[in-house]
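# Residue-level structural notes
Here's the letter readout for the chains.
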Amino acid sequence: MGFARACSVALVGVEGVVVEVQADLEPGVAAFTLVGLPDKSLVESRDRVRAAVVNSGGEWPQKKLTVGLSPASVPKGGSGFDLAVACAVLGAAERIDPRQIADLVLIGELGLDGRVRPVRGVLPAVLAAAEAGYEHVVVPEQTAGEAALVPGISVLGVRSLRQLIAVLADEPVPDEEPVEPGRPDAMLAGLLVPGAGVGTGLAVDRPDSDGPDLADVAGQHAARTGLEVAAAGGHHLLLSGPPGAGKTMLAERLPAVLPPLSRRESLEVTAVHSVAGILPPGEPLVRTPPYCAPHHSATMQALVGGGNGLPKPGAVSLAHRGVLFLDEAPEFSGKALDALRQPLESGHVVVARSGGVVRLPARFLMVLAANPCPCGRHTLHGAGCECPSSLIRRYQARLSGPLLDRVDLRIQVEPVSRSDLLGHGGRGESTATVADRVREARDRAAVRLDGTPWTVNSEVPGHELRTRWTVAPGALSAAERDVERGLLTARGLDRVLRVAWTVADLAGHDRPDAQDVALALELRTGIARGVPAVAGAAP
């Protein structure tokens, strides 16, 4: 009787569970049994592995073969177990030393000719292996760069099963024919899922690319201020105004204003994109905040995650550490919009399906864009809006009160004047200039929040802002009056405090004064407070 074991990783959402792949050979009628709660694609690995071993020059054992995946209670799917199954079988047949693979984590799909094909989710799988204490992993050559992002892990990238057998058996490693220059590499097909990022409008700005500049936006000084405050403090933003005023232009330029992702944040974003199958080949690490703009026909499952079996990441997870832009927000279904309440507060989403319960990261900056009425001309003088008042009320009520209460900034975007459009007032500040101020404001907040679990002002609880970090004496008088009049809820007051701290950070103040709170109230309620609508205007 022969026995050998190797290790692989089963992904549950964006988290991995190390799975021990055990192979047992016994005398008897030749058969191949796979147990351990595999799905259809994993059951089919029996034929792939057998053909790959034979075509790699190995001899398939003509005995009763049982392959077990432990722990058996964890659902397992995908073709990434092929490499571990093949090595466990070869170890049980004594083609390779079982001790060489006992503590080796192997991830990869096998082609019938023995080539090792890349699979999705390599980064979260290797992260799970590292957290479990494993030090050596074997992955397809195309994903070796992605696996190498995990510190403290020795990564071996292989192109074929015969190469891996030679390395483990201490034999000369055969050369594989390289892909001819100019020809498409069919092996990369396993990394990208066709259309995976299309329905979400996902875009990732590259640091070396010339993206849209904020200076291209004509006028809209109040909206630019709201955009800067949103980026500096991580506050959610609502842009209301007629069509063609520049709401989409502003939202598209927000990711470039945000600071670059830290190393930890980059790994989080890359792990989600790797699982979703939208990580471009040759770009193993996402360094800039993603931008996700799903169509208004998106379902609740497309926004928060779902699918058959184990849930897959939705738009809120693909926008993790970036921007989620909902254009024509009132056109989204109420059920889909209300599903955003929980991730807006907690920074993650828990999706329960028949295949299991998955916790997905979802800490994003939400930007809503809405027209004043179905035709969009309600606020334009002489534009001929014929929408009945009842229809306008129903249209605006599609954005529920509880959802809007979680939006810190509400900006009325006015139509662009002819003077601004023709550039008579001069170009506005560039993205680089605004981004520098945002970075300085975040640095001030980071110094103040050092030693706490929060990194930006939008995450700080209201109790801490009222007791630990207080505003200047008398600065909250106007906000307290709004609470008494019913213009602000208790949550609204906390959010005004958060915005006031962000405005103070942009202005370089030690703590918010009355003018900072007044600007925060104006950005929150849309009611003019007689202060300049320019963040950081004060010396």
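Calculation criteria
Residues numbered from 1 in each chain as written. Predicted model: local features only at pLDDT ≥ 70, side-chain atom pairs only at ≥ 80, totals over all residues. Heavy atoms only, no water. Helix = DSSP H or I, 4+ residues; strand = E, 2+ residues; numbered from the N terminus. Buried < 20%, exposed > 50% of the residue type's maximum accessible area, 1.4 Å probe, protein only. Areas by Shrake-Rupley, 256 points an atom, 1.4 Å probe, with all protein chains shown as cover. Lys, Arg positive; Asp, Glu negative; His and termini not counted. Charge placed at Lys NZ, Arg CZ, Asp CG, Glu CD. pLDDT = per-residue confidence, 0-100. Contact = heavy atoms within 4.5 Å. Phe/Tyr/Trp six-rings, centres within 6.5 Å; stacked < 30°, edge-to-face > 60°. Patch = residues over 30% accessible without salt bridge, like charges linked within 9 Å, V, L, I, M, F, W, Y side chains within 5 Å. Salt bridge = Lys/Arg side-chain N within 4 Å of Asp/Glu carboxyl O. Pairing = 2+ DSSP bridges. Core = buried A, V, L, I, M, F, W, Y, C linked by side-chain atoms within 4.5 Å. Polar contact = N/O pair within 3.5 Å; in protein donor to acceptor, adjacent residues only side chain to side chain. Axes fitted to C-alpha atoms, helices over the stretch in contact; angles between N-to-C directions. Parallel < 35°, antiparallel > 145°, perpendicular 65-115°, else oblique. Left-handed = near helix turned anticlockwise from the far one by under 90°. Nonpolar A, V, L, I, M, F, W, Y, C, P; charged D, E, K, R; others polar. Disulfide = S-S within 2.5 Å.

A separate point is the overall build of the protein chain. For the protein chain, the helix and strand inventory stands at 23 helices and 17 strands. Sorting the 539 residues of the protein chain into buried and exposed places 50% on the buried side. Accessible area of the protein chain: about 23,600 Å², with a carbon and sulfur share of 51%. Side chains of the protein chain carry 53 positive and 61 negative charges; the gap between the two charge centres is 6 Å.

In this section: the confidence of the model for the protein chain. Caution applies to low-pLDDT regions: their predicted coordinates should not be interpreted in detail. This prediction gives the protein chain a mean pLDDT of 88; 91% of its residues lie at or above 70. Per-element mean pLDDT across the protein chain ranges from 58 in strand 10 (residues 203–204) up to 98 in strand 5 (residues 105–106).

Tracing the chain through its elements places His-296 in the loop between strand 12 (290–292) and helix 12 (300–304). Accessibility expressed as a relative area gives 29% for His-296, which makes it partly exposed. The sequence separation of His-296 and Val-531 amounts to 235 residues, and the corresponding C-alpha distance is 36 Å. Setting aside chain neighbours within four positions, we find His-296 in contact with Asp-327, Glu-328, Glu-331 and Phe-332.

Bringing the packing of aromatic side chains into the picture now. Considering all chains together, one arrives at 3 aromatic pairs under this definition. On the basis of an interplanar angle of 40° and a centroid distance of 5.7 Å, the ring pair of Phe-32 and Trp-60 is categorised as tilted. Within this pair, whereas Phe-32 is found in strand 3 (residues 31–35), its partner Trp-60 is found in the loop between helix 2 (45–55) and strand 4 (64–70), the two being separated by 28 residues in sequence. Between the aromatic rings of Tyr-291 and Phe-325, the centroid separation amounts to 6.3 Å while the plane-to-plane angle is 25°, which identifies the pairing as stacked. With a gap of 34 residues between them, Tyr-291 in strand 12 and Phe-325 in strand 13 (residues 323–326) connect regions that are remote in the sequence. Grouping residues by exposure puts Tyr-291 and Phe-325 together as buried.

Here the focus is a nonpolar patch on the surface. Residues Leu-156, Val-167 and Val-173 make up a contiguous nonpolar surface patch of roughly 210 Å² in combined accessible area. Relative to the helices and strands, Leu-156 resides in strand 9 (residues 154–158).

We now examine the pairing of strand 4. Bridge count for strand 2 (residues 15–26) against strand 4 is 7 bridges, and the pairing is antiparallel. Residue pairing in the sheet places Glu-26 in a bridge with Lys-64 of strand 4. Where strand 3 and strand 4 come together, 5 bridges link them in parallel fashion. Its bridge partner lying in strand 4, Ala-31 is registered against Lys-64.

Counting residues in hydrophobic clusters, the biggest one holds 54 residues, and the most contacted among them are Leu-237, Val-367 and Val-517. In contact with Leu-237, not counting residues within four places along its chain, are Gly-226, Leu-227, Ala-230, Met-366, Val-367, Leu-368, Val-407, Leu-409 and Ile-411. In this structure, Leu-65, Leu-69, Ile-101 and Leu-106 belong to the second largest nonpolar core, which totals 39 residues.

Turning to the pattern of salt bridges, a few remarks are in order. For the structure shown, the criterion picks out 28 salt bridges. Its salt-bridge partner being Arg-95, residue Glu-171 comes within 3.5 Å of it at the nearest N-O pair. Highlighted residues: Glu-171 in the loop between helix 7 (161–168) and strand 10 and Arg-95 in the loop between helix 3 (82–92) and helix 4 (98–101), separated in sequence by 76 residues. Its relative accessible area of 36% is what places Glu-171 among the partly exposed residues. Arg-95 gets classed as partly exposed once you look at its relative accessible area, which sits at 35%. For the salt bridge of Asp-436 with Arg-439, the shortest nitrogen-to-oxygen distance reads 2.5 Å. Pair noted here: Asp-436 and Arg-439 are both in helix 19 (residues 431–448), with a separation of 3 residues, about one helical turn. Overall, Arg-439 belongs to the partly exposed group, its relative accessible area being 38%. Several salt bridges converge on common partners, so that one network encompasses Glu-345, Asp-405, Arg-406, Asp-408, Arg-491, Arg-495 and Arg-524.

All right, on to the pairing of strand 13 then. Here strand 13 shows a buried face lined by Val-323 and Phe-325 and a second buried face lined by Leu-324 and Leu-326. With 2 bridges joining them, strand 12 and strand 13 adopt parallel strand pairing. From the neighbouring strand, Cys-292 faces strand 13, where its bridge partner is Leu-324. Of the pairings in the sheet, the one linking strand 13 to strand 16 (residues 365–370) comprises 4 bridges and is parallel in character. Its bridge partner being in strand 16, Leu-324 is matched across the sheet by Met-366.

Along the chain, Arg-524 falls in helix 23 (residues 514–525). A distance of 2.8 Å separates a polar atom in the side chain of Arg-524 from a polar atom in the side chain of Asp-405. There is a polar contact of 2.6 Å between the side chain of Arg-524 and the backbone oxygen of Val-407. In contact with Arg-524, other than residues within four places in its own chain, are Leu-404, Asp-405, Val-407, Asp-408, Arg-410, Leu-488, Gly-492, Arg-495 and Val-496.

Relative orientation of the contacting elements helix 3 and helix 7 amounts to 45°, with a least axis distance of 12 Å. On the basis of their axis angle, the class for helix 3 and helix 7 is oblique. Here the hand of the crossing between helix 3 and helix 7 comes out right-handed. On helix 7, the residues touching Leu-83, Ala-86, Cys-87 and Leu-90 of helix 3 are Leu-161, Leu-164, Ile-165 and Leu-168. Considered class by class, the residues forming the contact of helix 3 with helix 7 number 8 nonpolar, no polar and no charged.

Inspection of every chain in the model, using the stated rule, returns 0 disulfides. The closest cysteine sulfur to the non-disulfide-bonded Cys-387 is located on Cys-375, 3.6 Å from its own sulfur.

This next bit is on unusual backbone geometry. Residue Pro-71 follows Ser-70 across a cis peptide bond; omega there is 5°. With respect to the element layout, Pro-71 can be found in the loop between strand 4 and helix 3. Residues other than glycine seldom take positive phi values, yet Asp-170 does so here, at roughly 60°. Summarising the element assignment, Asp-170 is placed in the loop between helix 7 and strand 10. Positive phi values are uncommon outside glycine, yet Arg-321 reaches one of about 65°. Turning to its location among the elements, Arg-321 is positioned in the loop between helix 13 (315–318) and strand 13.

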